[in-house]
Every structure is written in C-alpha cells, then in structure tokens.
Amino acid sequence: MIVGTEWLIEAADCDPVKLRDETVLRAIFERVVDGLDLKVLDSIWHSFPGAGGITGLAALTESHLACHTYPEHRTATFNLYCCRARPEWDWTSELSSALGARLVSVSKMERGENSNAAVPAAVLRPSRPQRATFDKEIDSRKFVTYGDVKIRERGRLRHWEKENGIYFVTFRLADSLPQQLLAKLESERQEAEKAITRLQSELSAKERRKLEWLFSEKVDEYLDKNYGECLLGDPGNANVVADSIKHFDGQRYNILSWCVMPNHVHVVVKPKQRNKLNEILHSWKSFSAHEINKLTGRNGELWQREYYDHLVRDESDLDRVISYVLDNPSKAGIKNWPWVYGQVKYRTADVIP
C-alpha cells in the first residue's frame, strides 16, 4: 500500500540575492500550492541574519512543503510530501525562472509498504540482501540501490556509494577549467554515450561508470595544465586545505592519501560510521573557502560545486589510486611539492571489508 509521494528538489547555481529574499520563496510556495491544489494549514518563515539564507515550512492538510536556501553556495533545497496522488509540478522551469537556477535535480519517492512496485520511485530497497551488481541498468531515477551499492545522481554526475566504501575524490577551484573547455568535454562525453547507446538499447551501469571515470581522468589532464588563478599554489592557502582534510582524520573518516595541487585536490578517503562522503566534502570545502577568503580578502565562490569520485573496488585498485595521488605533482611537472601524503603502509583488512 502506497501512503504518499515525496519530492526532494535541489536547485543549484541560483542567484544568491533571490535566495535571501523571503518574498521570492513565499511566491514559489504559493505557485506550488495553487498548481497542485493543496491546502495550507499554517506556515512559518525564518531569515538568518547577515548573508544567511531562509527556512520556510508550510503545514498542509496532507503533510508539508519545506525549503532552505544556501546563498553562500548558490543552492536551494525543497521538500514536498503529499498523501494523495498529485500531478508533476514543473520544478525545473519554475525554479529556473524564480531563482535563476541553472541546474535543478528532482527526486521522487513513493512511500509505504510495497511501494517498490511503483515505477517512478526514486529509492529502491531490495527485499533481501544481495551482492552489488554493476551490470544492472540505470534509468532516469536520481537514486538507485543495487544490493549494498547506491547510485546517487547530483548535477551531471553519478556518485557510487557503499557502506564502508573507500573513495578516490577530486574537487577543484571554481576557475580551474574555462567554461568553453568544460562545454567541449561535456559534448565529447555525450557523444561517447550516444555512440555506445546506438550499439544497444541502453547504456549499462558498468559502462556508464567506466565512461564517467574516463571522463574524470580527462578532466584531470586539463587540471594539471594549471588554468585559473591557482590560489592553492600559495603556501598559506594550500595549508588551509591540507589542515581541513586532516582535521577529522581518524574521527569522521580515515585518510589514506591526499594531494593539494595548485587548482584542485585529490583525496583517498574512507568515511567512518554514518558519516557521508558528500557531507565530508562539504565540510572541507566550506571551511577552507571561508578561511582562504579571509586570507586573500576575496569574495565569491572558491570551489566548483560538483566533484568526481571513484568507488575503490579492491586492493589493486586502492594501490592504483594512491599511486595516482602521490605521483600527481611530478606528473604535472612540479618538483619538491610538500602538500602530498600517502599511507603506503596499511593493512588491507583494515580498509577493505
């Protein structure tokens, strides 16, 4: 029995001024309520001081509509729960128009017992444990579970998540790649997908995973050409990033290797307990951005929102990614680079379950 439908929406690259304007958010709520014929019981709004965002919550006769904005990250999130069937609301065009969002991600979940039978469900839970299978196909859902491996879609990229997993992560400065080059890379990736798709009905998860990994390697090649201001080439800025990575090492995660390059960062990390990779990345980027902006007296975004991650498969894969991180400075032609670390002596049983 399905007892309701929930939508999770994330709008990225928004106009930060609009994300601080309560009247704009209230108007969005009004359009959702009118468009879906909902009834509001009561609502509450709070604007955080200074350059902070806004939290809004409307209690509905059939549940709730909520939002929270992050002007510092140019991001807004929305959550709508309805206990009766409702038509789809055009979140993408509405938020693009109201907030200037350049990227809108919508996840939909059917709630209730046996809700997996509903095709549009955004989260699928297998009826019994099973081994991860990367050959199963990914459809248009934003969050899919295959055994103990989850595939989460954020922006243009899919992120493979596994309990006790080890990840090779790359995140970069906002100006590290020119927009013209990014558009060229994205066009090449889409052409590669089309070529594979023409050979069969749909791209398999394994093929898509490999394609995205190859795409990230190609991005790394361009990153090593040191586009942008390369703020991390400054020792003070590089130390800030290195310190943020090391700060919770052994508490929230275990670091196996890291390297702070002039315009990007590589980390091999294993999250601990319930700590999530995206939350760990957010803490690194948020803290370091704040500190570097103070040091340099600059404003605006420091980091590119999206990041690349690779779920480590086995011991040989782990050796490979650690070697990649350690070799990155020399590969990029940088000598005597101090901001690199690799735990070359580790017990495999401790890091790979």
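As a reminder, the structure under discussion sits directly above these lines.
The following refers to the structure shown. (Residues numbered from 1 in each chain as written. Predicted model: local features only at pLDDT ≥ 70, side-chain atom pairs only at ≥ 80, totals over all residues. Heavy atoms only, no water.)

## Here we look at the sheet that holds strand β13 (residues 308–311)
The strand order across the open sheet formed by five strands is β13-β10-β12-β11-β14, and the pairing between neighbours is antiparallel. With partners counted over all chains shown, the strands left at the sheet margins are β13 and β14 (340–342), one partner each. On average, each strand axis in the sheet is tilted by 20° relative to the strand beside it, whichever way the strands run. Examined bridge by bridge, strand β10 (residues 167–172) and strand β12 (residues 264–271) share six bridges and lie antiparallel to one another. When the sheet's bridge partners are listed, F168 is paired in β12 with V268. Packing of helix α6 (residues 235–247) onto the sheet brings it into contact with β11 (253–260) and β12, and relative to β11 it is tilted by some 165°. Along the sheet, helix α7 (residues 277–296) makes contact with β10, β11, β12 and β13, crossing β10 at roughly 35°. (Pairing = 2+ DSSP bridges. Helix = DSSP H or I, 4+ residues; strand = E, 2+ residues; numbered from the N terminus. Axes fitted to C-alpha atoms, helices over the stretch in contact; angles between N-to-C directions. Contact = heavy atoms within 4.5 Å.)

## Some words on the pattern of salt bridges
Within this structure, the stated rule accounts for nine salt bridges. E62 is the salt-bridge partner of R86, the closest N and O atoms lying 2.4 Å from each other. Of the two residues, R86 is situated in the loop between β5 (75–82) and α3 (91–99) and E62 in the loop between β3 (54–60) and β4 (63–70); the sequence distance between them amounts to 24 residues. E62 gets classed as buried once you look at its relative accessible area, which sits at 7%. Of the charged contacts in the structure, one is a salt bridge between K294 and E291, with a shortest N-O distance of 3.7 Å. Residue K294 and its partner E291 are both found in helix α7; the two are separated by three residues, about one turn of the helix. Note on K294: relative accessible area 55%, which makes it exposed. Given a relative accessible area of 22%, E291 falls into the partly exposed group. Residues joined in a network through salt bridges with shared partners are E62, R84 and R86. (Salt bridge = Lys/Arg side-chain N within 4 Å of Asp/Glu carboxyl O. Buried < 20%, exposed > 50% of the residue type's maximum accessible area, 1.4 Å probe, protein only.)

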